[in-house]
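What follows is each chain in one-letter form.
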Amino acid sequence: MAAKRLTIQERRAFFHALVSTQDMALMTVPQSREYVMKHFDITDGQLRQIEDEGMEKEWPPLNEAVQEVG
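Residues numbered from 1 in each chain as written. Predicted model: local features only at pLDDT ≥ 70, side-chain atom pairs only at ≥ 80, totals over all residues. Heavy atoms only, no water.

Peer 1: What exactly am I supposed to notice about helix α2 (residues 29-40) here?
Peer 2: For α2, which comprises twelve residues, the first-to-last C-alpha distance of 16 Å matches the rise-based estimate of 16 Å (1.5 Å per residue) to within 8%. Within the sequence span of α2, burial applies to Ser32, Arg33, Val36 and Met37. Down the axis, α2 shows its buried residues gathered within 130° of arc, on one side only. Residues Pro30, Lys38 and His39 are exposed on α2 and point more than 90 degrees away from its buried face. Here the buried face of α2 lies against α1 (8-23) and α3 (44-57). Aspartate 41 lies just past α2 and shows a positive phi near 55°. (Helix = DSSP H or I, 4+ residues; strand = E, 2+ residues; numbered from the N terminus. Expected span 1.5 Å × (residues − 1). Buried < 20%, exposed > 50% of the residue type's maximum accessible area, 1.4 Å probe, protein only. Arc of directions from axis to C-beta. Contact = heavy atoms within 4.5 Å.)

This is the structure we're talking about:
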């Protein structure tokens, strides 16, 4: 099965969901990954790429925390 191509908006939304569930201590890292993969119907490989991209580009909510502290 071929993975569907994701837009930047989709990737940012998935990253936000992943980080938010971890930050609010709602789920462990593995649980939050599983939740996002199932909820948005994406593969583990896609999610890991999204994680890398989001961390590299400091997508929200990462950059929101930096702005609040400053």
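Peer 1: How should I be thinking about the side chain of serine 32 in this particular structure?
Peer 2: As for its position among the elements, serine 32 is in helix α2. When near neighbours in sequence (up to four residues on either side) are disregarded, serine 32 contacts Leu18, Thr21, Gln22 and Met27.

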